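Overview (structure and organization)
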Amino acid sequence: MLIGVGLGPGDPELLTLKAVDTLKKSSKVYVPGRLAAELVEPYADPEILEFPMLKDYDVLNDVWKQNAEIVAEDARDNLVSFGLIGDPNFFSTFSHLERVLNKLYPEVETDTIPGISSITAFASRTRTPVYSSFEVNDGSDIDSKVVLKAKKPREIMGEMRKEGFNDFAFAQRLFMDNEVVIKDVDKIPEKGNYFSIMYGRKSNQVNNNE
């Protein structure tokens, strides 16, 4: 099994207890760079995998395939971690690695442990509280949308369809008792609560360079 472990924004005191526990239990820990390696070193002996910062997707795809092969070899029968700065599901190297791994080595199970992302770290460090809706982007086309406090998820999904979103997920009480995670559109409920989240994606715009 391969677990993407969020290491937070860089402060070693901002790793979660679950992240530390997972690093300690892993038979192997991979990281994408020196900063991540330094955060991991108190708990495991990390191995750095090279992920060049390029925009040439042909070259990047070859790198992702090579690294996926390396990781798959260890993760088929063992608990393996991939530690990275921030959160493994937000603009992360792990997302690309996981995508290729799932396609080429579907027998390898994957999961993630969230970490403090640059978004929340920025809000904390700059003392910039967010009270209403906001946008985050890296200059690329916006193809995803998250709606918090989604008390009418099916109604929200209908409105999102009008905007071109066609791939949805619903969650409620994440990491709490009675957690709900639904990716089957037909099973998304009419009603949610304060802890509900609705996610939509324009799946036709997802990069499929594999």
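Here the structure is shown first, and the text comes after it.
As summarised here, the arrangement of the 5 strands in space is 3-2-4-1-5, forming an open sheet in which the pairing is parallel. Two strands close off the open sheet at either side, each with one partner strand: strand 3 (46-48) and strand 5 (110-113). Averaged over all adjacent pairs, the angle separating strand axes in this sheet is 25 degrees, with direction ignored. Pairing geometry for strand 1 (residues 2-6) and strand 4 (residues 80-84), over 5 bridges, is parallel. By the bridge assignment, Gly-4 is partnered in strand 4 with Phe-82. Sheet strands in contact with helix 1 (residues 17-25) are strand 1, strand 2 (28-31), strand 4 and strand 5, and its direction is about 140 degrees off that of strand 1.

In this fold, Ser-117 is placed in the loop between strand 5 and helix 5 (118-125). By relative accessible area, Ser-117 is classed as buried at 12%. Between the alpha carbons of Ser-117 and Gly-83 there is a distance of 13 Å; along the sequence they are 34 residues apart. Setting aside anything within four residues of it in sequence, one finds Ser-117 in contact with Gly-86 and Asp-87.

Let us look at the nonpolar core. Leu-2, Val-71, Phe-82, Leu-101 and Val-108 are the most contacted members of the largest nonpolar core, which totals 20 residues. Elements that contribute at least two residues to this core include exactly helix 3 (57-75), strand 4 and helix 4 (93-104). Of the residues forming this core, the biggest block, 7 residues, is contributed by helix 3. Each residue touching Leu-101, except ones within four places of it in the same chain, is listed here: Leu-2, Ala-68, Ala-72, Pro-106, Val-108 and Thr-110. In terms of nonpolar packing, the next biggest core, distinct from the first, is built from 15 residues, Ile-3, Val-5, Leu-7 and Val-20 among them.

Turning our eyes to something else, we now look at the pairing of strand 7 (residues 167-172). Counted residue by residue, strand 7 has 5 buried out of 6 residues, so it is predominantly covered. Bridge analysis of strand 7 against strand 9 (residues 196-201) gives 6 bridges, and the strand direction is antiparallel. For Phe-168, the partnering residue across the bridge sits in strand 9 and is Gly-200.

Attention now goes to helix 1. If you check which residues of helix 1 are buried, you get Ala-19, Val-20, Thr-22 and Leu-23. When helix 1 is viewed along its axis, its buried side chains cluster within an angular range of 165 degrees and face the same direction. Residues of helix 1 that are exposed and point more than 90 degrees away from the buried face comprise Leu-17, Lys-18, Lys-24 and Lys-25. Tucked inside the fold, the buried residues of helix 1 contact strand 1, strand 2, helix 2 (34-40), strand 4 and strand 5.

Each value, and the rule that gives it
Residues numbered from 1 in each chain as written. Predicted model: local features only at pLDDT ≥ 70, side-chain atom pairs only at ≥ 80, totals over all residues. Heavy atoms only, no water. Pairing = 2+ DSSP bridges. Helix = DSSP H or I, 4+ residues; strand = E, 2+ residues; numbered from the N terminus. Axes fitted to C-alpha atoms, helices over the stretch in contact; angles between N-to-C directions. Contact = heavy atoms within 4.5 Å. Buried < 20%, exposed > 50% of the residue type's maximum accessible area, 1.4 Å probe, protein only. Core = buried A, V, L, I, M, F, W, Y, C linked by side-chain atoms within 4.5 Å. Arc of directions from axis to C-beta.

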